[in-house]
Amino acid sequence: MLSQENAQALTHQVLQRCQPQQAEVLLQAGESALTRFANNAIHQNVAENNTNLTLRLVQDGRVGIASTNRSDDAALDELVRRARQNAQASPPDPNFPGLPEPQTYTPVGSFDPSTAAYSPHQRAEQVALACRLAQEKGMKAFGAYTTSSLALAVANSLGVFAYHARTQADYQTVVSAEDSSGWAQDSAWQVGDLDVEALAREAIERAERGRQPRKIEPGEYSVVLAPYAVDDMLTSMDFYGMGAQSVQEGRSWMNDRLQQQAMSVLVSIWDDAADLKGLPQPFDFEGTPRQRVEIVQRGVVMGPVFDRYSARKQGVNATGHTPPPGLRGMGPLAMNLFMAAGDASVEQMIASTPRGLYITRFWYTRLMHPRDCLMTGMTRDGVLMIEDGEIAYSVKNLRFTQSYVQALAEVEQVGSQTRLLLNDFGAISTRVPAVKIASFHFTGSTV
Amino acid sequence: MKTLMQQAIDTAVQRGASYADMRVVQNRTDAISVKDGAVEALNSGESYGFGVRVLADGAWGFASSRTLSAQDVDQVVAQAVEIARASALASGEKVDLGPPVASQGVYQTPLQIDPFEVSLEDKLALLMAADAEMGGVQGVRARRSNLVFIREQKWFTNSQGAFTEQVIYESGGGIQATAVGEGEVQVRSYPNSFARQQVTGGWEAVLSWDLPGNAQRIASEAVALLTADPCPVGITTTLILGGAQVALQVHESCGHPIELDRVFGSEAAYAGTSFLTTEKLGNFQYGSPVVNLTADSLRPLGLGTFGWDDEGVPAQSTPIVQNGLFMGYLMSRESASKLGKTSNGCMRASGWNRIPIIRMTNVSLEAGEWDFDDLLADTGEGIYMETNRSWSIDDRRYNFQFGTEIAYEIKNGRLGRMLRNPTYTGITPEFWNSCDAVCSQAHWNMWGTPNCGKGQPGQVAHTGHGAAPARFRNVRVGLVR
């Protein structure tokens, strides 16, 4: 893992080359390994080691960006040359808020040496165990087990230097039987917090319960959503409207709902990068300290997160939500989302449902209309019919077309347990409970 | 380069690998985006590194690094072999790669104007001109435009004697206007959805799209959509799709289900599986007799056009659906062997730090015989939709629901009133069997999909899809207010 001293030396080398212009260097270094399995066998097993430098150079209000993953002298010279060339070709950017001044960061320890040192043999042994458990049931296990160590540093010519090293681990699996499948996932910054055997058994149990699925008519159903489905709701609402840029452009679900009771009083959502129950990161990708932001409080829409561009436009302070360079065009993003737990167990939610569906997760969800966060998508890996407060039978996958805002307005119960889930992009995590929703709109079913 | 790579392969074999390959990739990507008359980003990125894939103890291992010294290469080779040995703790069937691959040669994307030789000033002037045209339309709330240029040089070698060198150029870009009304947001993009058409080729491709010449029209359509009538809800009608939407329909409902790794379960925990299971090969009526689909990595301009895939297999053309009958898969060496076939060259990695997986090349709907105006006249009544806005399909690629940016009523054999928030839904084989007309070569275009996600760790592939407008009968449309 790139140390703080080496990160400081490398960023310093770049900044020195940029003088007399102002400049900012973002350094992202990481070692990541992933073991992938299918049909009860490992079929892909990979490792990566990389260090990326992204330079933002400012000349007379003109901004040029360049990046490289090489760090020899010639490559750094070339990096600065390209950034300078880009700045000189750009017209002055009237919206550029300038580089951040030196900041104070509250350190948070989220680097776990045992996760960083986790070996391919350790991953393989755990995967082999999960495959054996599936095989014993006549089922097949599929999935991926990832361990990573990551360092993020931001330095600029005004004196900012921020460094944070962290680790993360994620295990996700589908177990399939002849006519059913089950899903389980968990994420953590300490690999020791992942219980692979328990996750394997969770997916196996779902596959067991999912046997002999029946086709049902689409329509309105009460639903009990596992945390995996709730994760999709929060990340979709994040991408399509928790950032100030989307609100300022009038395309967010927050527009016309700010400070209004738009959701159930049981729903509270916030972003907090300092909470060790998430994947902590004390500053954003410009070096602004991450602030806790209340997004929805007891159903009232409180407001979006800000980066420096959107904050300047609105005359407020940035909240530290500039995303990584690859997602910069989306504007600010919440990256460490939490939804408040309630006091119900999943069993209680099911017991209180006369007729409804238990849904494990959503799949391939896409925005159909932004202002209500109207989404379509499929269910996947475990849908169960609830009748008279009990699981009655398994159901074939359904397509829904549903406003996520409206769905959260109809939350009736919230689970007491939460689960940390790392998004596919690796940039966003959520810690979410299960929820029960009074009405959810299904518009189709699959073969 | 060749000597260093050969040493790596020799080291892998000495360490016990029964097969090894290595790719060195150098990628340069220049991107410009303009938002509301200001430069949003002017970015020049470079990435360089190598990946080594080995078979040891009958299992796969892959390791990669950004530093290409002899010492680092040795270390990464050792890591790849160690990982393969760990994989062997839970290995499956014996890997059979089929016949050896020993390709040799050099390939470069044909182009007229190297986009990296065009000045930044000229590129910015093009975007600013388009932005100004959009800005002249009253009611437009946000304007975005972008250009992207990629030059990827890669070297490949393996333990069976292959050595190839390729330089692939891609050029892309587009414009987008957003209009906001009372509780309504509408977006129009050009030439393709999300303001991104992309091809293998040079600056000449970008010029051919005439972004400034289409900007005012796009912006006016976004504003007009705010007050257009909504798409009828829940009706079944005749649907004509524009070429770009047909291309995405092909991508999602044909391109993905013919990936043989999905069929064998490799993506079951992530991207999903496929309804096109192997017993259907040669026996399944995927579409109507007018439906002919081809996977072809030789087609000009396609984002899936190259010299060799990332296993060194030469570019080629494969019939996928002939007169409606399902005839072929996208295959790797290993998956093809399981079917008793040889690879048709579909293994690609998104970079040096990713393992090759089966990806679409250019999966295209072959042109039919219809002129577009004749097709409208023949249709009489129905709906025409174009430019994708949302796309969703189940994990076996059966049930899909798509939305487009714009639609028009077809009335009396002509395009009539504009319709907003159009959507349609269906089941893949039913939908393609309802296709009764495809427009002619004059309306056929090679569309680019530069955002195809698959694999873990995630890989974004660039795929091509040739398509022309096509007609589908008895389609359920209208699922949004």
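Residues numbered from 1 in each chain as written. Chains lettered and ligands numbered in written order. Predicted model: local features only at pLDDT ≥ 70, side-chain atom pairs only at ≥ 80, totals over all residues.

Asks: Pulling in residues and values, what's your account of the overall build of chain B?
Replies: Helix and strand content of chain B: 10 helices and 24 strands. A compact globule built from 481 residues should have a C-alpha radius of gyration of about 23 Å, and chain B, at 23 Å, falls within 12% of that. Expressed as lengths along the three principal axes of its C-alpha atoms, the size of chain B is roughly 70 × 55 × 35 Å. Counting over 481 residues, chain B shows a buried share of 62%. (Helix = DSSP H or I, 4+ residues; strand = E, 2+ residues; numbered from the N terminus. Rg over C-alpha atoms; globule rule 2.2 N^0.38 Å. Buried ≥ 20, exposed ≤ 12 C-beta atoms within 10 Å, placed from the backbone.)

Asks: Could you give an account of the overall build of chain A, naming the residues involved and the relevant values?
Replies: Across its full length, chain A carries 10 helices and 17 strands. Relative to a compact globule of 447 residues, whose C-alpha radius of gyration would be 22 Å, chain A shows 23 Å and is just as compact. The principal-axis extent of the C-alpha atoms belonging to chain A is close to 70 × 55 × 35 Å. Looking at chain A alone, contacts between residues at least 24 apart form 74% of all its contacts between residues at least 6 apart. (Contact = placed C-beta atoms within 7 Å.)

Asks: Explain the domain arrangement of chain A residue by residue, including any values.
Replies: All names here are of chain A. When cut into domains, chain A gives domain 1 (4–206) and domain 2 (213–445). Placing a centre on the C-alpha atoms of domain 1 and another on those of domain 2 gives a separation of 24 Å. Across the contact, 33 residues belong to domain 1 and 29 residues belong to domain 2. Taken together, the elements giving at least two residues each to the side of domain 1 that touches domain 2 come down to β4 (140–156), β5 (161–176) and β6 (181–188). (Domains from an automatic or database assignment.)

Asks: Just give me the short version of the interface of chain A and chain B, but keep the residues and values in it.
Replies: On the side of chain B, 63 residues touch chain A, which itself brings 74 residues to the contact. For the side of chain A that touches chain B, the element with the most residues is strand β2 (residues 41–59) of chain A, which contributes 11 residues. Looking at the side of chain A that touches chain B residue by residue, the classes come out as 28 nonpolar, 31 polar and 15 charged. In terms of strand pairing, β2(A) meets strand β3 (residues 59–65) of chain B through two bridges, oriented parallel. Pairing of A:Val46 across the sheet is with B:Phe62, part of β3(B). (Nonpolar A, V, L, I, M, F, W, Y, C, P; charged D, E, K, R; others polar. Pairing = 2+ DSSP bridges.)

Asks: Tell me about the domain arrangement of chain B, residues and numbers included.
Replies: Residue and element names in this part refer to chain B. Each assigned domain of chain B is listed with its residue range as follows: domain 1 (2–227) and domain 2 (230–477). A separation of 21 Å is found between the C-alpha centroids of domain 1 and domain 2. Taken residue by residue, the interface counts 44 residues in domain 1 and 36 residues in domain 2. A class-by-class count of the residues in the side of domain 1 that touches domain 2 yields 17 nonpolar, 20 polar and seven charged.

Asks: Pulling in residues and values, what's your account of unusual backbone geometry?
Replies: Of note, the amide linkage connecting A:Gln19 to A:Pro20 takes the cis form, showing an omega dihedral of 10°. Relative to the helices and strands, A:Pro20 resides in the loop between α1 (4–18) and β1 (22–38). Between B:Tyr190 and the following residue, B:Pro191, the backbone shows a cis peptide bond with an omega angle of -5°. Residue placement: B:Pro191 occurs in the loop between β7 (184–190) and β8 (197–200). One non-glycine residue with positive phi stands out, namely A:Asp256, at about 70°. Relative to the assigned elements, A:Asp256 resides in the loop between α7 (244–248) and β8 (269–271). Unlike most non-glycine residues, B:Asn412 shows phi in positive territory, near 55°.

Asks: Describe in detail the sheet that holds strand β11 (residues 293–296) of chain B, supporting the description with residues and values.
Replies: Residue and element names in this part refer to chain B. Ordered by their spatial adjacency, four strands build an open sheet running β13-β12-β11-β16, and the pairing between neighbours is antiparallel. The open sheet has two free edges, formed respectively by β13 (325–326) and β16 (363–365), since each of these has just one partner strand. Where β11 meets strand β12 (residues 317–322), four bridges bridge the pair, whose relative direction is antiparallel. Each residue of the ladder has a partner; that of Ala295, found in β12, is Thr318.

Asks: Just give me the short version of the pairing of strand β19 (residues 414–420) of chain B, but keep the residues and values in it.
Replies: Residues and elements named next belong to chain B. Bridge count for strand β9 (residues 229–230) against β19 is two bridges, and the pairing is parallel. Bridged to Asp229 within β19 is Leu419. In the sheet, strand β18 (residues 399–411) pairs with β19 via four bridges, with the strands oriented antiparallel. Paired with Ile410 across the two strands is Leu415, which belongs to β19.

Asks: Can you break down the environment of B:Ala437 residue by residue, with the values?
Replies: Residues and elements named next belong to chain B. Within the element layout of this structure, Ala437 appears in strand β21 (residues 435–438). When the 21 C-beta atoms within 10 Å are taken as the criterion, Ala437 is described as buried. Taking the C-alpha atoms as reference points, Ala437 and Ser288, 149 residues apart in sequence, are found 9.5 Å from one another. Excluding residues that lie within four positions of it along the chain, Ala437 makes contacts with Val290, Gly368, Trp370, Leu375, Ala470 and Arg471.

Asks: Explain helix α5 (residues 196–209) of chain A to me, using residue names and the numbers behind them.
Replies: All names here are of chain A. The end-to-end C-alpha distance of α5 is 20 Å, a good match for the 20 Å that 14 residues give at a rise of 1.5 Å each. By the burial criterion, the buried members of α5 are Val196, Leu199, Ala200, Glu202, Ala203, Ile204, Arg206 and Ala207. Looking at the buried side of α5, the elements it contacts are α4 (120–136), β4, β5, β6, β12 (355–369) and β13 (374–387). (Expected span 1.5 Å × (residues − 1).)

Asks: I'd like a rundown of the packing of helix α3 (residues 120–135) of chain B against helix α5 (residues 211–226) of chain B, residues and numbers included.
Replies: All names here are of chain B. Two numbers describe how α3 lies on α5: the axes approach to 7 Å, and their chain directions differ by 25°. One finds that α3 runs roughly parallel with respect to α5. Crossing of α3 over α5 shows right-handed handedness. The segment α3 lies against α5, with Leu126, Ala129, Ala130, Glu133 and Met134 engaging Leu211, Pro212, Ala215, Gln216, Ile218 and Ala219. Here the contact of α3 with α5 is built from residues that sort into nine nonpolar, one polar and one charged. (Axes fitted to C-alpha atoms, helices over the stretch in contact; angles between N-to-C directions. Parallel < 35°, antiparallel > 145°, perpendicular 65-115°, else oblique. Left-handed = near helix turned anticlockwise from the far one by under 90°.)

Asks: Could you give me a rundown of the packing of α1(A) against helix α2 (residues 73–89) of chain A, with the residues and numbers involved?
Replies: Residue and element names in this part refer to chain A. Between α1 and α2, whose axes approach to 10 Å, the crossing angle comes to 50°. The orientation of α1 relative to α2 falls into the category oblique. Taken as a pair, α1 and α2 cross one another with a handedness that is right-handed. In this structure, α1 uses Gln13, Val14, Arg17 and Cys18 to contact α2, whose residues at the interface are Leu76, Asp77, Leu79 and Val80.

Asks: Describe in detail helix α9 (residues 372–379) of chain B, supporting the description with residues and values.
Replies: Residues and elements named next belong to chain B. Along α9, the residues classified as buried are Leu375, Leu376 and Thr379. The arc enclosing the buried residues of α9, seen along the axis, measures out at 100°, which places them on a common side. Where the residues of α9 are buried, they touch β10 (235–241), β17 (382–393), β18, β19, β21 and β24 (470–477). A positive phi of about 75° marks Gly380, the residue just after α9. (Arc of directions from axis to C-beta.)

Asks: Break down the nonpolar core for me, with residues and values.
Replies: Ranked by size, the top nonpolar core spans 289 residues in total, and within it A:Leu55, A:Leu225, B:Ala12, B:Val52, B:Val54, B:Ala80 and B:Ala470 carry the most contacts. With residues near it in sequence (within four places) discarded, B:Val54 still touches B:Ala12, B:Ala17, B:Tyr19, B:Ala20, B:Gly61, B:Ala80, B:Val81 and B:Ala84. With six residues, the next largest nonpolar core counts B:Val101, B:Phe156, B:Phe306 and B:Val313 among its residues. (Core = buried A, V, L, I, M, F, W, Y, C linked by C-beta atoms within 7 Å.)

Asks: How would you sum up the pairing of β4(A)? Please name residues and give values.
Replies: Residues and elements named next belong to chain A. Taken across its 17 residues, β4 has 17 buried, putting it largely inside the fold. Bridge count for β1 against β4 is 14 bridges, and the pairing is antiparallel. Note on β4: the bridge partner recorded for Ala29 is Ala151. Counted between consecutive antiparallel strands, the loop separating β4 from β5 contains four residues, among which Gly159 sits at a positive phi close to 110°.

Asks: Before we move on, could you go through the environment of A:Thr365 and cite the residues and values that matter?
Replies: The residue A:Thr365 is located in strand β12 in this model. The buried category is assigned to A:Thr365, around which 21 C-beta atoms lie within 10 Å. Along the chain, A:Thr365 and A:Arg399 lie 34 residues apart, while their C-alpha atoms are 9.7 Å from each other. Discounting residues that sit within four places of it in the chain, A:Thr365 has contacts with A:Asp232, A:Ser236, A:Met375, A:Thr376, A:Gly377 and B:Ser392.

Asks: Any details on the environment of A:Glu31? Residues and values, ideally.
Replies: Residues and elements named next belong to chain A. With respect to the helices, strands and loops of the structure, Glu31 is situated in strand β1. You can call Glu31 partly exposed: it has 19 C-beta atoms within 10 Å. Between the alpha carbons of Glu31 and Pro433 there is a distance of 31 Å; along the sequence they are 402 residues apart. Discounting chain neighbours no more than four positions away, the residues touching Glu31 are Met1, Asn49, Ser148 and Ser149.

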